[in-house]
Amino acid sequence: MVREARKEDLKEVLELYLCLHEDSVPKQTDYLLHTWEQIIRDENHHLILNEVDGKIVSSCVCVIIPNLTRNVRPYAFVENVVTHVNYRGKGLATACLKYARQTAQSANCYKMMLLTGSREEKTLDFYKNAGYNCTDKTAFIQWL
């Protein structure tokens, strides 16, 4: 079942992120809880989850960004696409990305973007099959 995150999902989301690039689950500090609250309350921040048998096993984030160009249409940014290693290859992340696309279309976005640090052909093909291309734009990152 694909749905948006609820307040009580924090622990499972943080555990799922261990399959992304995190080394450990962060300590439950006031700052962490405040950040979680901001994410849950922000109408432009969509943390999309996919559950199997009541367990969160796949996720992505879709942020709608207001914009003054393109006839004042927003755009969407997709980040943190992850599926638990035991559930990969079953279309669960694809379902999350489809939900993100519907969210962006409902918000009248003119485009969706995502970045990946992966160079694996399988991962790049996954994003291409989900409708993304790597030819229209060039991405630059400055780590802070």
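Summarised in this report is the structure supplied together with it. None of the values given here were measured: they were computed from a predicted structure.

## So, the environment of Ala95
When you line up the elements, Ala95 lands in helix H3 (residues 92-106). Overall, Ala95 belongs to the partly exposed group, its relative accessible area being 26%. For the pair Ala95 and Val2, spaced 93 residues apart in sequence, the C-alpha separation works out to 7.0 Å. In this structure Ala95 touches Val2 and Asn50, once residues within four positions along its chain are discounted.

## Description of the side chain of Ser59
If you trace the backbone, Ser59 turns up in strand S3 (residues 55-65). On the basis of relative accessible area, Ser59 is assigned to the buried category, the value being 1%. Within the structure, the side chain of Ser59 is placed 3.0 Å from the backbone oxygen of Ile48, a separation counted as a polar contact. Beyond its immediate stretch of four places on either side in the chain, Ser59 contacts Leu16, Tyr17, Leu47, Ile48, Leu49, Asn80, Val81, Val82 and Cys96.

## Structural notes on the nonpolar core
Of all hydrophobic cores here, the largest spans 17 residues; its most connected members are Cys60, Ala76, Val78, Val81, Leu97, Met112 and Tyr132. Going through the elements one at a time, S3, strand S4 (75-83), H3 and strand S5 (112-114) are the ones with two or more residues in this core. For this core, the element with the highest residue contribution is H3, accounting for five residues. Those residues within four positions of Tyr132 in sequence are excluded, and the remaining contacts are Val78, Leu97, Met112, Met113, Leu114 and Tyr127. Core analysis: the next-biggest nonpolar cluster, separate from the first, contains 14 residues, Leu16, Leu49, Val61 and Val82 among them.

## Things to note about the sheet that holds strand S2 (residues 45-52)
One open sheet holds the five strands; their spatial order is S1-S2-S3-S4-S5, and the pairing between them is mixed. Only two strands of the sheet have a single partner each, and these edge strands are strand S1 (2-4) and S5. Each adjacent strand pair in this sheet contributes to an overall mean axis angle of 30 degrees, direction not counted. Sheet analysis places S2 next to S3, joined by eight bridges and oriented antiparallel. Along S3, the bridge assignment pairs Asn50 with Ser58. Against the sheet, H3 touches S1, S2, S3, S4 and S5, its axis set at about 25 degrees to S3.

## A word on unusual backbone geometry
Across residues other than glycine, the phi torsion is negative in most instances, and most of the peptide bonds are trans. In this model, Asp53 sits at a positive phi of 55 degrees, which is unusual for a non-glycine residue. Mapped onto the secondary structure, Asp53 falls in the loop between S2 and S3. Its identity as a non-glycine residue notwithstanding, Val72 has a phi of 60 degrees, on the positive side.

## A look at the state of the cysteines
One pass over the full model with this rule turns up zero disulfides. Of all cysteine sulfurs, the one in Cys60 lies closest to Cys96, which takes part in no disulfide; the gap is 5.1 Å.

## What about helix H2 (residues 30-41)?
Taking 1.5 Å as the rise per residue, H2 with twelve residues should run 16 Å; its terminal C-alpha atoms sit 16 Å apart, in good agreement. Of the residues making up H2, those classed as buried are Leu32, Trp36, Glu37 and Ile39. Each buried residue of H2 lies within a common arc of 160 degrees when the element is viewed along its axis, so the set occupies one face. For H2, exposure combined with an orientation more than 90 degrees from the buried face picks out Asp30, Tyr31 and Arg41. Against the buried residues of H2 lie helix H1 (10-16) and S2.

Parameters and conventions
- Residues numbered from 1 in each chain as written.
- Predicted model: local features only at pLDDT ≥ 70, side-chain atom pairs only at ≥ 80, totals over all residues.
- Heavy atoms only, no water.
- Helix = DSSP H or I, 4+ residues; strand = E, 2+ residues; numbered from the N terminus.
- Buried < 20%, exposed > 50% of the residue type's maximum accessible area, 1.4 Å probe, protein only.
- Contact = heavy atoms within 4.5 Å.
- Polar contact = N/O pair within 3.5 Å; in protein donor to acceptor, adjacent residues only side chain to side chain.
- Core = buried A, V, L, I, M, F, W, Y, C linked by side-chain atoms within 4.5 Å.
- Pairing = 2+ DSSP bridges.
- Axes fitted to C-alpha atoms, helices over the stretch in contact; angles between N-to-C directions.
- Disulfide = S-S within 2.5 Å.
- Expected span 1.5 Å × (residues − 1).
- Arc of directions from axis to C-beta.

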